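Listed below, chain by chain, are the residues.
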Amino acid sequence: MRPRPRFSIRQLPTSWAFQLLATGLFAFLVVWRVDLSQVADALQDANYLWAIAAAVFSTSTKFIDTVRWRVYLAKVGRPPLLGLFGAFLIGNLGNNLLPMRVGDLAKIQIVANRYGLSRAGLASSVFVVESVMDGVTFLILLVAGLAFLDVGFVPPGLLWSLAVMAGGGFLATMAVSHLFPRTPPQWRWLGRLPPWLQEGLHHGWSRFLDGMETMRDRALLAQAIFLNFAGWFSHVVVFWLFGLAFGLDLSWAYYIVIMVAANLVSAFPITFQNIGTYEFVLLEVMSAWGVERGEALAYAAATHLLTNLWIILVGITALWLMRVHPREVFGLRPAMGSSLSEGRRS
């Protein structure tokens, strides 16, 4: 018999090997600095009815985000809200299980193929407008939360970096949406592109700008800002409900900072499924406020595990209810019988 080849970490892709090592390192740091018996006691004493309520309530945050996405799509098309909600939940499932925002690509594909909306318009609404609006709202909530807290563990450099990225992105998006012409510009260097790329640019240019209509229309922008704050505030409610489950005596300002910290970790993944980094950041943030380290780790681990399990459950449910076919995720043509044409404008 031929001997079985031995597995070596060198056989893993570099990014996977890095994430594997980072996951182990952060997990070790978390366990090393905490009394695990205190964690077990906190988990045993928790009121999981509040935790279940938090997980269920988190679905309402996704619905608010879906309504906000529909505002972004005002000039791209008007898909049915429930269908858009299902696609959003499926995209959330994909982002939860796969790297590189694969879930966002999946939800764009589902909406484009099922309802005939332009992929260029969908992409700009998700990867440009949504990202910019989230960044600005994120920064405002963080600053507001810190304004009510006497904390010194948030380095000024981090705040300035976030301010530059969020503010710069917002101003750049506003400039592009207002200044770029509706027809493809006749820049000389564009003529050097391959013919297929020139054709795609010609057909997708105006539709891409349609997805940024929110940045041009004041009424749409006002709606988007309101829904953005409503959505992120509902995230704070989720963390507050988990706090009730563990009997934490923290004010709303603390939960705003916890929410921002948790989402910052998710936005810049270093480890697999943010295992270790999520718990480490929340542990350090909460222990700086005087929360017992065992309670803080129990809270972090429970919020991480239960919210992820709930995302997977509702995502799979959405896949089943919508009966999503693989061609709706991987195909490039609108599905037969689409209720909306790709070029539709509102």
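It should be emphasised that the depicted structure is a prediction, and the values quoted were computed from it without experimental measurement.

What counts, and where the lines are drawn
- Residue indices begin from 1 for each chain and proceed along its sequence in written order.
- For this predicted model, a pLDDT threshold of at least 70 governs which residues receive local features, and a threshold of 80 or more governs which side-chain atom pairs are given and counted, while totals over whole chains, interfaces and linings are taken from all residues.
- The side-chain quantities take in all heavy atoms of the structure and omit both hydrogens and water.
- Strands here are runs of E lasting at least two residues and helices are runs of H or I lasting at least four, both read from the DSSP assignment and numbered beginning at the N terminus.
- Think of it in three bands: residues with accessible area under 20% of the maximum for their type are buried, residues over 50% are exposed, and the middle band is partly exposed, with areas taken using a 1.4 Å probe on protein chains only.
- Contacts between residues were defined by any pair of non-hydrogen atoms, one from each residue, lying within 4.5 Å.
- Note on areas: Shrake-Rupley, 1.4 Å probe, and residue coverage restricted to the protein chains presented here.
- N or O atoms within 3.5 Å of each other form a polar contact, as long as, within protein, one can give a hydrogen and the other can take it, and as long as residues adjacent in sequence are counted only when both atoms are side-chain atoms.
- Just to be clear on terms, a salt bridge is a Lys or Arg side-chain nitrogen sitting within 4 Å of an Asp or Glu carboxyl oxygen.
- A patch is a set of surface residues, each over 30% in relative accessible area and not in a salt bridge, joined within 9 Å for like charges and within 5 Å for the nonpolar side chains Val, Leu, Ile, Met, Phe, Trp and Tyr.
- To form a nonpolar core, buried Ala, Val, Leu, Ile, Met, Phe, Trp, Tyr and Cys residues must be joined to one another through side-chain atoms within 4.5 Å.
- A helix is expected to span 1.5 Å for every residue after the first.
- In predicted models, pLDDT denotes the confidence assigned by the predictor to each residue on a 0 to 100 scale.
- Here a pair means two rings of Phe, Tyr or Trp (six-membered ring of Trp) with centres within 6.5 Å. Their orientation is stacked below 30 degrees between planes, edge-to-face above 60, and tilted elsewhere.
- A residue counts as positive if it is Lys or Arg and as negative if it is Asp or Glu; His and the chain ends are not included.
- Just so you know, the charge point we use is NZ for Lys, CZ for Arg, CG for Asp and CD for Glu.
- To get an axis, fit a line to the C-alpha atoms, keeping to the stretch in contact for a helix; angles then go from 0 to 180 degrees between the N-to-C directions.
- Handedness of a crossing follows from how the near helix is turned relative to the far one, being left-handed for an anticlockwise turn of less than a right angle and right-handed for a clockwise one.
- Residue polarity is assigned by list, with Asp, Glu, Lys and Arg as charged and Ala, Val, Leu, Ile, Met, Phe, Trp, Tyr, Cys and Pro as nonpolar; anything else, Gly included, falls into the polar class.

**Student:** What should I look at first to understand the overall build of the protein in this one?
**Tutor:** When you go through the protein residue by residue, the secondary structure sums to 13 helices and zero strands. When burial is assessed residue by residue, the protein has 45% of its 346 residues classed as buried. Taking contacts inside the protein between residues at least 6 apart in sequence as the whole, the part at least 24 apart equals 74%. Of the roughly 18,800 Å² that the protein leaves accessible, carbon and sulfur atoms contribute 68%.

**Student:** Sorry if this is basic, but what is going on with the side chain of S177 here?
**Tutor:** Examined against the element boundaries, S177 turns out to sit in helix 7 (residues 156-179). Look past the residues within four positions of S177 in its chain and what remains in contact with it is M212, M215 and R216.

**Student:** For this particular structure, what's the right way to read the side chain of D104?
**Tutor:** On the secondary structure map, D104 appears in helix 5 (residues 102-115). In terms of polar contacts, D104 uses its side chain to reach the side chain of N95, at 3.0 Å. Setting aside residues no more than four positions away along its own chain, D104 makes contact with G91, N95, V126 and F127.

**Student:** What is the right way to look at the pattern of salt bridges in this model?
**Tutor:** Should their charged atoms come close, side chains of opposite charge can pair. Inspection of every chain in the model, using the stated rule, returns nine salt bridges. The salt bridge involving R114 is made with E328; its shortest N-O contact spans 2.7 Å. Linking R114 in helix 5 with E328 in helix 13 (residues 326-330), this pair joins segments that are 214 residues apart in sequence. Of the residues examined, E328 reaches a relative accessible area of 7% and is grouped as buried. With a closest N to O distance of 2.5 Å, E213 and R216 form a salt bridge. The buried category is assigned to E213, whose relative accessible area is 14%. Residues participating in the shared-partner salt-bridge network are D65, R68 and D134.

**Student:** Looking at this model, I keep getting lost on a nonpolar patch on the surface. Mind explaining?
**Tutor:** Judged by side-chain polarity, L97, L98, M100 and V102 come together as a nonpolar surface patch covering roughly 400 Å² of accessible area. In this structure, L98 sits in the loop between helix 4 (81-97) and helix 5.

**Student:** Help me out: how do you make sense of the nonpolar core in this one?
**Tutor:** Side chains of nonpolar character tend, in soluble globular proteins, to be buried together. With 48 residues, the main nonpolar core has I258, M286 and Y299 as its most contacted residues. In terms of residue count, the dominant contributor to this core is helix 10 (residues 252-267) (ten residues). Not counting residues within four places of it along the chain, the set of residues in contact with M286 comprises L248, L250, I258, V291, A296 and Y299. The next biggest cluster of nonpolar side chains, apart from the first, holds 34 residues, and it includes V71, I110, A318 and V324.

**Student:** Can you help me understand helix 9 (residues 218-245) in this one?
**Tutor:** Because each turn of an α-helix spans 3.6 residues, side chains separated by three or four positions end up pointing in the same direction. The first and last C-alpha atoms of helix 9 sit 41 Å apart over 28 residues, in line with the 40 Å expected at 1.5 Å per residue. At the N-terminal end of helix 9, a side-chain oxygen is found 2.9 Å from the backbone nitrogen of A219, two or three residues along, and the residue is D217. Looking at the residues trailing helix 9, positive phi occurs at G247, about 65°.

**Student:** Which parts of the structure should I look at to understand the environment of F272?
**Tutor:** You can see F272 is positioned in the loop between helix 10 and helix 11 (277-287). Each C-alpha atom of the pair F272 and L20 lies 7.0 Å from the other, and the pair is 252 residues apart in sequence.

**Student:** How do you make sense of the confidence of the model for the protein when you look at a structure like this?
**Tutor:** The predicted structure's coordinates, where accompanied by low pLDDT, should not be read in detail. Of all residues in the protein, 88% attain a pLDDT of 70 or more, and the chain-wide mean is 85. Every residue in residues 335-346 scores below 50 in pLDDT, and together they form 30 contacts with partners more than four places removed in sequence or on other chains.

**Student:** Any chance you could explain the packing of aromatic side chains here in plain terms?
**Tutor:** Two aromatic rings are characterised by how far apart their centres lie and by the angle between their planes. Inspection of the entire model under this criterion finds nine aromatic pairs. When the ring of F63 is compared with that of F85, the centres are 5.3 Å apart and the planes differ by 85°; the resulting orientation is edge-to-face. Residue F63 is located in helix 3 (residues 48-72), and its partner F85 is located in helix 4; the two are separated by 22 residues in the primary sequence. Ring centres of W240 and W252 lie 5.2 Å apart, and the angle between their planes is 25°; on these two criteria the pair is classed as stacked.

**Student:** Whenever I open this one, unusual backbone geometry confuses me. Can you help?
**Tutor:** One can expect most non-glycine residues to show negative phi and most peptide bonds to be in trans. For R323, which is not glycine, the phi torsion reads 50° and is therefore positive. By secondary structure assignment, the location of R323 is in the loop between helix 12 (293-322) and helix 13. R323 sits in the exposed class, given a relative accessible area of 66%.

**Student:** Any chance you could explain a negative patch on the surface here in plain terms?
**Tutor:** On the surface, a cluster of negative charge is contributed by D35, D41, D45, E292 and E295. Within the secondary structure, D45 is located in helix 2 (residues 36-45). Residue class for D45 comes out exposed when judged on its relative accessible area of 65%.

**Student:** For this particular structure, what's the right way to read the packing of helix 5 against helix 6 (residues 119-147)?
**Tutor:** Helix-helix packing is characterised by the crossing angle of the two axes and by the distance between the axes. It is at 9 Å that the axes of helix 5 and helix 6 come closest, and there the two elements cross at 145°. Viewed along their axes, helix 5 and helix 6 form a crossing whose handedness is right-handed. The residues of helix 6 that touch helix 5, namely those facing D104, L105, K107, I108, Q109, V111, A112 and N113, are R119, L122, A123, V126, F127 and E130. Looking at the contact of helix 5 with helix 6 residue by residue, the classes come out as eight nonpolar, two polar and four charged.

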